[in-house]
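A look at the structure
Each chain is listed here by its residues.
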Amino acid sequence: MKSSLLTSDHVTLILQKQMDLHYDAQDVARCDLCKVAIVESYCDFCHVNLCKPCIGEHISDDYTKHIIVPFQQRRSTPIYPKCKTHPKKSCKLQCKDCNIFLCIDCLASEQHNKEHKLSKLEEVFRQKKDHIHRDKKELKEELLPVYGEIATEITNQIANLDVDYQKFTTEMSKHRGELHREIDNVMDQREKEIDENKLKHLSILTKHLEEIKQLQSLMQESLHNLNEMEESNEVTSTIHYSSKNQEFSKLPPKVLVSMPKFIPNPIEKEELCRLIGKLTPLSTTLEERVFTAKKPSTSVRELLDEPEVLNTIKTGHEKLRSVTCLNEEEIWTSGMTADIKCFNTQGVLQKTIKTKSGEWPRDIAVHIDGAIVFSDSSTRTVYKVKNDQTEEIIRLQGWTPVNLCVTSSGDLLVTMYSDDKTQSKVVRYSGSTVKQTIQFDDDGQPLYSGNTYTKFITENRNLDICVADFRAGAVVVVNQAGKLRFRYTGPPSSTKKKPFNPWGITTDSQSRILTSDDDNHCIHVLDVNGHFLRYIDNCDLGYPTGLCVDNDDRLFVCEFHRRNVKRIRYLK
């Protein structure tokens, strides 16, 4: 019985706790067995809380299987899933081909294919834990601060709205005053014209009045003379009288003066708005923000005096062209056949993918989620393969996709050439959406040569986009915005016999650029600014083509005709 296993100290502790009227069972973690004592330990196998006295009871059934750790170190071992076929067993393996969990008994049975590739769940679990830790750190230390900066920027914009819009009101008030002054000036001018017309009108009427008054005076004088003559008996004056009434009957002309008129122009609303000016409408545009992850500080790694071949992977590809890797155990290769093969670093074939069209892939790349991306020029399509499912992500018209590169942000860079075979460009995709096109320099001149399917591409650690342009005999490097940084056309003085025709290209943790020179059977190593550092030409390379570098700066080089990938150490 459980009580028989309790020590006297344990019983005393239980009684003390039961007598405590203020005891709150929710204040701290308690033992899952006795439900009373404060937890001190944890079983990482059964996943239960234990106090010190209860440990002995818990492990009494089989002490070898239990994993007792301090409570602070709980859940330090993985909780493996129970096997569906063998419920008493835990699954510690995963079949890569079936994507299922397996226990030891499953492997011993005849139900599972012995040739399938297996991975240890502990290793996968640790890798995912590392990934989770990196994501958590990136989210906390990089992404959240960036969003905080964005929120602060918008908050400041909101706070400044009153000030910004008051500027508009002030400008309009100033313009209003100017318009009023101009209107007042015009109206004053019109009033002055009215006064001038009034004076002219008065002068005309006054002159006419004076003329009438003069005639009136003459008629009064004539009337007086007639009165005298009428009363006079003098014959002479009377006989010589001559009438003037005929003259006076001719009335003076009537002076008609037309009054000036004020004819206001009709107020046209549109014309008035034009005179006043207009306010451009509020517009909203979306400017893409590009998150640039902070690069971990890396120690300077110098070049080896004599690079060395670590091992050779025999791929069996006909005319081997491309190699790419996400980690050291998955080296993907392709040539001029429909097969895309995956090897581990020891050269053991892990998996084979076939192109959907049956044509050879122009290039391959590995996505950050482990999916394989390849271009098919025969269908003008870029495909993505994950969990054995092939998905079309880009289909072009008028252009043919060639070489590929997955960037640190998860975008896809694609080189392509036009149907008329006169133009080439680099296009950045987010999923299936075009984000950026790189084709011309600031002077409108093409950055890349015309039709050629040998324009391998990669992204440097400083986010430069590096293209090995075979036909142009140059490495063309632009920055993240697509502005030309430099062209490398070979070292200042060459010891090689044939012209520089770069094929594959890759970059390392030091932002060095490595490009293969197939006709001269060597690799050119450049610094981040395109300055030649050295050749790698001591490793018996036969027509090197595609290149890639793994996380430890090991260089993988395709040999076109030999069908091999050589793994080379070139850094100290």
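A brief look at the structure comes next.

Parameters and conventions
- Residues numbered from 1 in each chain as written.
- Predicted model: local features only at pLDDT ≥ 70, side-chain atom pairs only at ≥ 80, totals over all residues.
- Heavy atoms only, no water.
- Helix = DSSP H or I, 4+ residues; strand = E, 2+ residues; numbered from the N terminus.
- Rg over C-alpha atoms; globule rule 2.2 N^0.38 Å.
- Buried < 20%, exposed > 50% of the residue type's maximum accessible area, 1.4 Å probe, protein only.
- Contact = heavy atoms within 4.5 Å.
- Pairing = 2+ DSSP bridges.
- Axes fitted to C-alpha atoms, helices over the stretch in contact; angles between N-to-C directions.
- Phe/Tyr/Trp six-rings, centres within 6.5 Å; stacked < 30°, edge-to-face > 60°.
- Lys NZ or Arg CZ within 6 Å of the ring centre and 35° of its normal.
- Expected span 1.5 Å × (residues − 1).
- Bend = angle between axes of the 7 residues up to and from the residue.

Let's talk about the overall build of the chain
What the chain contains, in helices and strands, is 8 helices and 30 strands. Expected size for 572 residues packed as a compact globule is a radius of gyration near 25 Å; at 49 Å, the chain overshoots this value by more than 25%. Counting only C-alpha atoms and orienting by the principal axes, one finds that the chain spans roughly 180 × 95 × 45 Å. Of all 572 residues assigned to the chain, the portion counted as buried reaches 36%.

Quick notes on the environment of L547
Along the chain, L547 turns up in strand 28 (residues 544-549). With relative accessibility at 6%, the residue L547 sits in the buried group. The contact partners of L547, leaving out residues within four places of it in the chain, are V323, G504, I505, T506, L514, T515, S516, I523, L555, F556 and V557.

Concerning the sheet that holds strand 7 (residues 303-314)
Pairing in this open sheet of 4 strands is antiparallel, and the strands run 7-30-29-28 from one edge to the other. Only two strands of the sheet have a single partner each, and these edge strands are strand 7 and strand 28. Ignoring which end each strand starts from, the neighbouring axes of this sheet average 25° apart. With 6 bridges connecting them, strand 29 (residues 554-559) and strand 30 (residues 564-571) associate as antiparallel partners. Bridging from a neighbouring strand, C558 pairs with V565 of strand 30.

A look at unusual backbone geometry
Look at K35: it is not a glycine, yet its phi comes out positive at around 65°. The topology assignment puts K35 in the loop between helix 1 (8-19) and strand 1 (41-43). The exposed category is assigned to K35, whose relative accessible area is 54%. Positive phi values are uncommon outside glycine, yet H521 reaches one of about 55°. Turning to its location among the elements, H521 is positioned in the loop between strand 25 (513-517) and strand 26 (522-526).

Thoughts on the sheet that holds strand 9 (residues 330-334)
Overall, antiparallel pairing links the 4 strands, which are arranged 8-9-10-11 in an open sheet. Every interior strand has two partners, whereas the edge strands, strand 8 (322-327) and strand 11 (349-354), have only one. Strand-to-strand twist in this sheet, taken as the mean axis angle between neighbours without regard to direction, amounts to 20°. The pairing of strand 10 (residues 339-343) with strand 11 spans 5 bridges and is antiparallel. Pairing of I340 across the sheet is with I353, part of strand 11.

Some details on the packing of aromatic side chains
Here the distance between the centres and the angle between the planes together describe a pair of aromatic rings. One pass over the structure, following the stated rule, counts 7 aromatic pairs. Centre to centre, the rings of F470 and W503 are 5.6 Å apart; their planes meet at 75°, and the pair counts as edge-to-face. Separated by 33 residues along the polypeptide, F470 in the loop between strand 21 (465-469) and strand 22 (474-478) and W503 in strand 24 (residues 502-507) bring together distant segments of the chain. Ring pairing ties together the aromatic residues F456, F470, W503 and F560, which thus form one cluster. A cation sits over an aromatic face here: K425 above W399, 4.0 Å from the ring centre. One residue, K496, lies across the ring of Y535, its end atom 4.6 Å from the ring centre.

Quick notes on helix 4 (residues 121-159)
Between its terminal C-alpha atoms helix 4 stretches 53 Å, which fits the 57 Å expected from 39 residues at 1.5 Å a residue. The largest bend in helix 4 comes to about 40°, at L139. Buried-residue contacts for helix 4 involve strand 4 (93-95), strand 5 (100-102) and strand 6 (118-120).

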